[in-house]
Amino acid sequence: YVAKGEKPPMEFTYGEFDIDFFGVLLDRAWGHYLEAGEEMMDDAANCSENATTSSPWRNKTFCDIGSGAGRLVLAAAALHPGWKLCRGIEILPNLHEMSTSILNGCRLDADDQRRRLEILDNDDKVNDDEKTHLQLAPVEFTCGSFTDPYEYLGDIDCAFVFSSCMKPDLLQQLSQAIGRQCKVGTIVITTEFPLFLKDTIDPLEEDASMPHGQYEIQLLEKIDGWCWLMGGQSTAYIHRVCKSLGEEYAGPRERPRPSLEEEAYRLVKAIESGELTDTDAFVRSVRNDMIFHGLPR
């Protein structure tokens, strides 16, 4: 957008959310997760295992949808090292690359890992300088978009979305993506705007096997807190998925490969609509794809 002299869409606005407020929201979300009781658990054993506040979010999966440079993903992994996985999904390649670079800087090499284990085993024999490494839950970053129905969201137990700059149509797409894939009981935190609580997901024209139908999300709590990015007070909304198509989705799913005839038809339609007549945009897209897939310069 900058190269073309255009103003980027508001939904691509990147900013940092306040860590303290984020920590409060994770704690509140955990309370709501527990309150669901047996309705949220697959079986009685799971229920008894998770019905404790001694280790919040243990063996659960967190996802920051629109994770930017990965700050909140790393914060979640440090605040609750017991997560099964903390992951982030980011649509902008440069920010995604930044997050993976930062993550690589957090990893310990073999010698550091060995020393870390020694510190844990001999806690009373080491000085404070040697205890500076934070324990992190496993972290993973993906470059993708929730608007892509093949971007897997079905493993999430708790999601955070900085939705303050999202327009209603994009917020509706987010709600539908959650309703299509996320399992019943999934907790979703949004900022400034709540999700669309009820809607019908239309069939996908190019993939008849993609689940479609109705979903339902419950708004549990509205919380005001400090966020310097918003210039002061920010409002967060905590939701729970009550009805979804998650079992039908049964992902991750592979995108069906179109036939040569279908591919040619789409190309002709794109040319006729003007989408493929901007040579600069086309070359830029090809170059970005080449960089993304690691082709040599």
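Cut-offs and rules
- Residues numbered from 1 in each chain as written.
- Predicted model: local features only at pLDDT ≥ 70, side-chain atom pairs only at ≥ 80, totals over all residues.
- Heavy atoms only, no water.
- Core = buried A, V, L, I, M, F, W, Y, C linked by side-chain atoms within 4.5 Å.
- Buried < 20%, exposed > 50% of the residue type's maximum accessible area, 1.4 Å probe, protein only.
- Helix = DSSP H or I, 4+ residues; strand = E, 2+ residues; numbered from the N terminus.
- Contact = heavy atoms within 4.5 Å.
- Pairing = 2+ DSSP bridges.
- Axes fitted to C-alpha atoms, helices over the stretch in contact; angles between N-to-C directions.
- Polar contact = N/O pair within 3.5 Å; in protein donor to acceptor, adjacent residues only side chain to side chain.
- Phe/Tyr/Trp six-rings, centres within 6.5 Å; stacked < 30°, edge-to-face > 60°.
- Lys NZ or Arg CZ within 6 Å of the ring centre and 35° of its normal.
- Expected span 1.5 Å × (residues − 1).
- Parallel < 35°, antiparallel > 145°, perpendicular 65-115°, else oblique.
- Left-handed = near helix turned anticlockwise from the far one by under 90°.
- Nonpolar A, V, L, I, M, F, W, Y, C, P; charged D, E, K, R; others polar.
- Patch = residues over 30% accessible without salt bridge, like charges linked within 9 Å, V, L, I, M, F, W, Y side chains within 5 Å.
- Areas by Shrake-Rupley, 256 points an atom, 1.4 Å probe, with all protein chains shown as cover.
- Salt bridge = Lys/Arg side-chain N within 4 Å of Asp/Glu carboxyl O.

Colleague: Just to check I follow, could you spell out the nonpolar core for this structure?
Modeller: In summary, soluble globular proteins display a tendency toward joint burial of nonpolar side chains. Counting residues in each nonpolar core, the largest one holds 32 residues, and the members touching the most others are F17, F22, F62, W83, C86 and F160. Looking at this core element by element, the count peaks at seven residues for helix α1 (residues 19-35). Setting aside anything within four residues of it in sequence, one finds F160 in contact with F17, F22, L25, F62, C63, D64, I65, L72, I189 and T191. Counting 22 residues, the second largest nonpolar core, distinct from the first, contains C63, I65, C182 and V188.

Colleague: Help me understand the sheet that holds strand β7 (residues 213-227) in this model?
Modeller: The strands making up a sheet are joined through hydrogen bonds of the backbone, oriented either antiparallel or parallel. The eight strands lie next to each other as β3-β2-β1-β4-β5-β8-β7-β6, forming an open sheet whose pairing is mixed. Since the sheet does not close on itself, it has two edges, and those belong to β3 (139-143) and β6 (198-201), each with one partner. Along the sheet, successive strands turn relative to each other by an average axial angle of 25 degrees, direction set aside. Sheet topology places strand β5 (residues 187-191) next to strand β8 (residues 232-243); five bridges connect them, and they run antiparallel. Paired with I189 across the bridge in β8 is I238. Most of the contacts of helix α4 (residues 93-106) go to β3, to which it runs at about 160 degrees, and overall it touches β2 (85-90) and β3.

Colleague: Explanation requested: the side chain of E90 in the structure shown.
Modeller: Residue position: E90 is located in strand β2. A polar contact is formed between the side chain of E90 and the backbone nitrogen of S67, at a distance of 3.4 Å. The residues contacting E90, other than those within four sequence positions of it, are G66, S67, G68, L95, H96, T142, C143 and G144.

Colleague: When you look at unusual backbone geometry in this model, what are you seeing that I'm missing?
Modeller: The bulk of non-glycine residues show a negative phi, and the bulk of peptide bonds are trans. Cis geometry marks the peptide bond from G251 to P252, where omega comes out at -5 degrees. Secondary-structure assignment places P252 in the loop between α7 (246-249) and α8 (260-273). Despite not being glycine, A250 has its phi angle at roughly 45 degrees, a positive value. Looking at where A250 falls in the secondary structure, it is placed in the loop between α7 and α8.

Colleague: What is the right way to look at the packing of aromatic side chains in this model?
Modeller: Between two aromatic rings, the relevant description is the distance of the centres plus the angle of the planes. Summed over the entire model, instances satisfying the criterion amount to 10 aromatic pairs. Judged by centre distance (5.8 Å) and plane angle (70 degrees), the rings of F22 and F62 are edge-to-face. Taken together, the residues span a long stretch of sequence, with F22 in helix α1 and F62 in strand β1 (residues 61-65) at a distance of 40 residues. This pair shows no difference in class: F22 is buried, exactly as F62 is. Following the ring pairs from residue to residue traces out a cluster consisting of F17, F21, F22, W30, Y33, W57, F62, W83 and F160. Above the face of the Y249 ring, R253 is positioned so that its terminal group lies 5.2 Å from the ring centre.

Colleague: What is the right way to look at helix α6 (residues 168-181) in this model?
Modeller: Within an α-helix, residues lying three or four positions from one another point in the same direction, as the helix has 3.6 residues per turn. Here α6 spans 20 Å end to end across 14 residues, near enough to the 20 Å set by a 1.5 Å rise per residue. Among the 14 residues of α6, 10 are classified as buried, and the element is accordingly described as predominantly covered.

Colleague: Whenever I open this one, the packing of α1 against helix α3 (residues 71-79) confuses me. Can you help?
Modeller: Any two packed helices are characterised by the angle at which their axes cross and by the distance between the axes. Direction vectors running N to C along α1 and α3 enclose 55 degrees, while the axes themselves pass 11 Å from each other. Here α1 lies oblique to α3, going by the angle between them. Considering how the two elements wind past one another, α1 and α3 form a crossing that is right-handed. Contacts between α1 and α3 involve I19, F22, G23 and L26 on the former and, on the latter, R71, L72, A75, A76 and L79. Residues of the contact of α1 with α3, tallied by class, amount to seven nonpolar, one polar and one charged.

Colleague: How do you make sense of the pairing of β8 when you look at a structure like this?
Modeller: Moving residue by residue along a regular strand, the side chains alternate between the two faces of the sheet. Extensive coverage of β8 is indicated by the burial of nine of its 12 residues. The sheet contact formed by β7 and β8 spans 11 bridges and is antiparallel. Note on β8: the bridge partner recorded for C227 is G232.

Colleague: What's the story with the pairing of β6 in this structure? I'm lost.
Modeller: Residues D199 and I201 line the buried face of β6, whereas the alternating positions K198 and T200 sit on a face that is not buried. Sheet topology places β6 next to β7; four bridges connect them, and they run antiparallel. Considered in β7, the bridge of T200 is made with Q214.

Colleague: Quick question: what am I supposed to make of a nonpolar patch on the surface here?
Modeller: Taken together, the side chains of L267, I271, L276, F282, V283, V286, M290 and L295 present a nonpolar region at the surface, about 680 Å² in accessible area. For the nonpolar patch, the elements supplying multiple residues, two or more each, are α8 and α9 (279-292). A per-element tally of the nonpolar patch places α9 first, with four residues. Take F282: it is sitting in helix α9. For F282, a relative accessible area of 45% corresponds to the partly exposed category.

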